[in-house]
Structures are given as C-alpha cells and as structure tokens.
Amino acid sequence: MENTPIHPKLWHRDFWLLAIASFLLTMPMYMLIPLLPEWLSQRTSLSSSEIGLVMLAYGLGLFVFGPICNHLIQRYRRNTVFISASVGVVLLLLSFFVMEHSAEGWSLPFCALFGLRFALGALFGLAEMILLSTLIIDVTESSYRDDANYAVVWFGRFPLVLGPLVAIQLNRFLSIDIIVIIMSSMAFLSAILVWLIRIPFKAPEDINSLFSTDRFLLKESIWCFLNLLLFTAFFGMMLFWQMNMTMFGMLMVGFYFALRFGKILLSDSELRHDMYLAFALSVLSMLIPYIFDSEWVWQFVTPVLLGFVAGIVCNRFMYLFLNISHHCQRGTSQSSFFLSWEFGITIGVFLTFVSNDPEQVLLTGLSLLIAAFAMYFLFTHNWHVKHKIR
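Let me sum up the structure you'll find in this document. Bear in mind that the values here come from a model prediction, so they are computed numbers and not experimental data. (Residues numbered from 1 in each chain as written. Predicted model: local features only at pLDDT ≥ 70, side-chain atom pairs only at ≥ 80, totals over all residues. Heavy atoms only, no water.)

## Here we look at the overall build of the protein chain
Here comes step 1: Counting its regular elements, the protein chain contains 14 helices and 0 strands.
Here comes step 2: Reading the secondary structure of the protein chain in the N-to-C direction produces α-α-α-α-α-α-α-α-α-α-α-α-α-α.
Here comes step 3: Scaling as 2.2 N^0.38, a compact globule of 390 residues should have a C-alpha radius of gyration of about 21 Å, and the protein chain matches this with 20 Å.
Here comes step 4: Dimensions of the protein chain, computed from the C-alpha atoms along their principal axes, are close to 65 × 60 × 35 Å.
Here comes step 5: Looking at the protein chain as a whole, 57% of its 390 residues are labelled buried.
Here comes step 6: Roughly 16,300 Å² of accessible area belongs to the protein chain as shown, and the carbon and sulfur atoms make up 66% of that amount. (Helix = DSSP H or I, 4+ residues; strand = E, 2+ residues; numbered from the N terminus. Rg over C-alpha atoms; globule rule 2.2 N^0.38 Å. Buried < 20%, exposed > 50% of the residue type's maximum accessible area, 1.4 Å probe, protein only. Areas by Shrake-Rupley, 256 points an atom, 1.4 Å probe, with all protein chains shown as cover.)

The structure is reproduced here in structure tokens:
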C-alpha cells in the first residue's frame, strides 16, 4: 500500500520538477512558431494560407484526447500517461530531423504535414492537461492549490516569449537539425523529470466512462473560454508583429512585471482594476508611437506594455476559471484555461498567414483586442460575479 506524501510547503522537490517539466515541454511548441513557417517556405511549395493551416492544425489537435483524458488516467498511472505523451512529442519532433536528412528533403505533401502538426498538438495537449489537471493537484496540499495553479501557469506562459527568442538566436548559429535535437531533448527531459516524481497509485472510480468532459472542458466556463480566446488570438498575431529578439525580449520584461505585480491587482475578484489597467495600457501602447513618432518606442516601450497586458489577462482569466468551478472541478477548469489560451494563440498565428497585408493584420488584431475587452466589461465580468462559486 502506497502512502500519499505530505508537503508542508508549496515549493518542494516534486512541485519544482513538475513546473520545470511543464516549461520544458512547452518551450519546443513556441520555438516552432518562428522556425516552422520559415522551414516550410524554404523546403516546400506551400502557399502562405497552407502554411497557416499547418500551424492551425496544432491548435485543432489539442482537443483530440480531451474526451478520453479522464479515462486514461483512471485506467493507467497518470504519470505514465504523461511520460508516454511526452515521448510521443519527442518522436514527432525528431521526424523533422529525419525529413531534413532524407534523400528527397521536405517532400511530404500538405496533408501529411498537416497531420504531423495535428498529432503534435494532440500529444502535447494530452500531456499538459494531465499535468495541469491532475499531477499538480496530486503533489500539492489543498491550502496551496490556488498558488500552485498560478505558479505553474506562469511556467507554461513564459515560453510564449522565451521560446521564439531562443529559437531566433539559435537559428543564427546552428543548423535546423541541431535545433530540432535541442527541442526534442527538452521534451524528453520533461518526461524524465516526471518519471522521477513519486505519484501514489489511486484506485479508479467505480463508474469510468470512455468519454467525459472531466479534466477536459468545464461546461460552465463557455463564456470565459470564448472571451480568453479573443484575447489570445490577438496575442498570437502579436508574435509576428516584429519577429526579432528585441521584441521578444521586451515582451518578456512585460511578462516579468505582470508576474511581479499581478497577484496584487487580483486582491478582489469582484473588482476589475487589473482589467481597467490592462485596457488603458493597451490603448497607450498603440497611441504612444504616434504621439512620439519614434521607432524606438515601437521596438522597446510598446512590447513591454503589451507583455504586461498579456500577463494581466492571463492572471485574471485563470482565476475566473477557478472561481466558477466546484472543488472537484479544479483540474477541469485548468485544462479549459490551457486549451483556450493555446487555441487562441494558434488562431492568431493562423490569421497572420491568411492575410499578407500588414495593415490588415494590424486592423484584425486590434479588432480582436477591442472585441475581447468589450465582451469582458459588458458581459463576462458581471456574468462571472453572478455565477462564481468560490
């Protein structure tokens, strides 16, 4: 008989290993955002729209294993399922290495590339849903779980800017195949870290249906899901705004400030001071380049402000998802948050490739941002106050 370990504090060995595992598994997904379109444009004859569809396939794949996620962790050890999914991610990443060194080069047709990217999203989605909805909860005492969710979310959010930053830098000095090996190694190391964690066996539930929304989608969170989707679609388009190290570095600075001060702004869930601030900074980030008429402002100030806004929105919606879930639905709420965030980013990337006109891309992005704030202030916030449980 296995005993469940007691952890008197949040930041203990197993929690650190899980947080780092989430970071390492997420990094390759965002490293591919600047690298994969370039590879496809150089090695295939795909059009810009087809490249966008290949990028979108990842977001669609995220949902594939969701309906059977709960069944899998009831039938098998949850850490084993995570490790299996992570190893699958490693193999799919290495397939790019194989294609790079194949005799015919990148000869795969669009459908095969779409399927490869789709499968990558499916396995990554399964691994992250298990980690966020189950493994983190297993190694955290109930009094620390809000803080645990907050911390691990940030370990998965920093790759949004750090991943492209690292990829762009590595691409300057290393060949594509070496970068693929580095990305595969990150995913494999995440599997090793989870393997090192002792997760006690839990008896399966008496009723274990094959398909379920448990640990997948929180049905009560539909409006939060759609509202966050609008925000993250804008952030996804923002990733291609200026594809350089300066922009991603400044976005990271904004993320740091949001991490540093975000929880202070969330002191009262019924107030929305943080979202008012996020809206004001969004407007300011778009206006000050015209006010000062300086390229320096575009390159340094605006990305910091938008990074801070992205972090604030991340904090706010994570707690919205938590507050409308019952105690037994915590894991499901976190999976829902994860899926909304990742799918929104993917939609934003897709929209960037659908339109080749930079002005249209900017107009579409701003429209998404305005719609997201309008939905939050006019509907989502009041709906959440009426329906929150915690």
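## Considering the packing of aromatic side chains
Here comes step 1: For the structure shown, the criterion picks out 29 aromatic pairs.
Here comes step 2: A connected cluster of aromatic rings, assembled from ring pairs, spans Phe231, Tyr276, Phe279, Phe317, Phe373, Tyr376 and Phe377. (Phe/Tyr/Trp six-rings, centres within 6.5 Å; stacked < 30°, edge-to-face > 60°.)

## Regarding the packing of helix H3 (residues 66-75) against helix H5 (residues 110-138)
Here comes step 1: For the pair H3 and H5, interaxial distance at closest approach is 10 Å and the crossing angle is 60°. Of the possible angle classes, the one that applies to H3 and H5 is oblique. In the packing of H3 onto H5, the handedness of the crossing is right-handed. Mapping the contact onto sequence places Gly66, Cys69, Leu72 and Ile73 in H3 and Leu126, Met129, Ile130 and Thr134 in H5.
Here comes step 2: The residue inventory of the contact of H3 with H5, partitioned by class, reads 6 nonpolar, 2 polar and no charged. (Axes fitted to C-alpha atoms, helices over the stretch in contact; angles between N-to-C directions. Parallel < 35°, antiparallel > 145°, perpendicular 65-115°, else oblique. Left-handed = near helix turned anticlockwise from the far one by under 90°. Contact = heavy atoms within 4.5 Å. Nonpolar A, V, L, I, M, F, W, Y, C, P; charged D, E, K, R; others polar.)

## Points about H5
Here comes step 1: Between the first and last C-alpha of H5 there are 41 Å, a value that for 29 residues agrees with the 42 Å anticipated at 1.5 Å per step.
Here comes step 2: Residue Leu131 marks the point of greatest curvature in H5, where the axis turns by about 40°.
Here comes step 3: When you tally the buried positions in H5, you get 22 out of 29 residues, the bulk of the element. (Expected span 1.5 Å × (residues − 1). Bend = angle between axes of the 7 residues up to and from the residue.)

## Some points on a nonpolar patch on the surface
Here comes step 1: Judged by side-chain polarity, Val87, Leu91, Leu94, Phe173, Leu174, Ile178, Ile181, Phe188, Leu189, Ile192, Trp195 and Leu196 come together as a nonpolar surface patch covering roughly 1,100 Å² of accessible area.
Here comes step 2: Put simply, the parts of the chain that give the nonpolar patch at least two residues each are helix H4 (78-101) and helix H8 (176-195).
Here comes step 3: In terms of residues, the nonpolar patch owes the most to one element, H8, which gives 6 residues.
Here comes step 4: Among the secondary structure elements, Leu91 is positioned in helix H4.
Here comes step 5: A residue is classified by how much of its surface remains accessible, and Leu91, at 56% relative accessible area, is exposed. (Patch = residues over 30% accessible without salt bridge, like charges linked within 9 Å, V, L, I, M, F, W, Y side chains within 5 Å. Salt bridge = Lys/Arg side-chain N within 4 Å of Asp/Glu carboxyl O.)

## So, the state of the cysteines
Here comes step 1: Taken as a whole and assessed by the stated rule, the structure comprises 0 disulfides.
Here comes step 2: Here Cys224 is not disulfide-linked; the sulfur of Cys314 is the nearest cysteine sulfur, at 14 Å.
Here comes step 3: Its relative accessible area of 0% is what places Cys224 among the buried residues.
Here comes step 4: Free of any disulfide, Cys328 has its nearest cysteine sulfur in Cys69, 16 Å distant.
Here comes step 5: Given the relative accessible area of 72%, Cys328 is considered exposed. (Disulfide = S-S within 2.5 Å.)

## Thoughts on the environment of Ser45
Here comes step 1: Along the polypeptide, Ser45 turns up in the loop between helix H1 (13-43) and helix H2 (48-61).
Here comes step 2: Overall, the relative accessible area of 76% leaves Ser45 in the exposed class.
Here comes step 3: C-alpha separation for the pair Ser45 and Pro109, spaced 64 residues apart in sequence, amounts to 9.3 Å.

## Considering unusual backbone geometry
Here comes step 1: The phi torsion at Arg215 lies on the positive side, around 60°, for a residue other than glycine.
Here comes step 2: Along the polypeptide, Arg215 turns up in the loop between H8 and helix H9 (222-238).

## A few points about the packing of helix H12 (residues 295-323) against helix H14 (residues 358-387)
Here comes step 1: Orientation of H12 relative to H14, taken along the N-to-C sense of each, is 25°, at an axis distance of 12 Å. Between H12 and H14, the interaxial angle falls into the category roughly parallel. Here the hand of the crossing between H12 and H14 comes out left-handed. Residue-level contacts link Val309, Arg316, Phe317, Leu320 and Asn323 of H12 to Phe373, Tyr376, Thr380 and His384 of H14.

## Re helix H13 (residues 330-354)
Here comes step 1: Over its 25 residues, H13 extends 36 Å from the first C-alpha to the last, a length consistent with the 36 Å expected when each residue adds 1.5 Å.
Here comes step 2: Burial runs high along H13: 23 of the 25 residues are buried.

## Let's talk about the pattern of salt bridges
Once their charged atoms are close, side chains differing in charge can pair, the charge on each being opposite to the other.
Here comes step 1: In the structure shown here, the tally under the stated rule is 5 salt bridges.
Here comes step 2: Close ionic contact of Arg157 with Glu342 constitutes a salt bridge, the shortest N to O distance being 3.0 Å. Taken together, the positions of Arg157 in helix H6 (residues 145-157) and Glu342 in helix H13 put the pair 185 residues apart, joining distant regions of the chain.
Here comes step 3: On the basis of relative accessible area, Glu342 is assigned to the buried category, the value being 1%.
Here comes step 4: Among the ionic pairs, Arg316 bridges to Asp274, the shortest N-O distance being 2.8 Å. Of this pair, Arg316 sits in helix H12 while Asp274 sits in helix H11 (residues 273-292); the two residues are 42 residues apart in sequence, bridging distant segments of the chain.
Here comes step 5: By relative accessible area, which is 1% here, Arg316 ends up buried.
Here comes step 6: Judged by its relative accessible area of 1%, Asp274 is buried.

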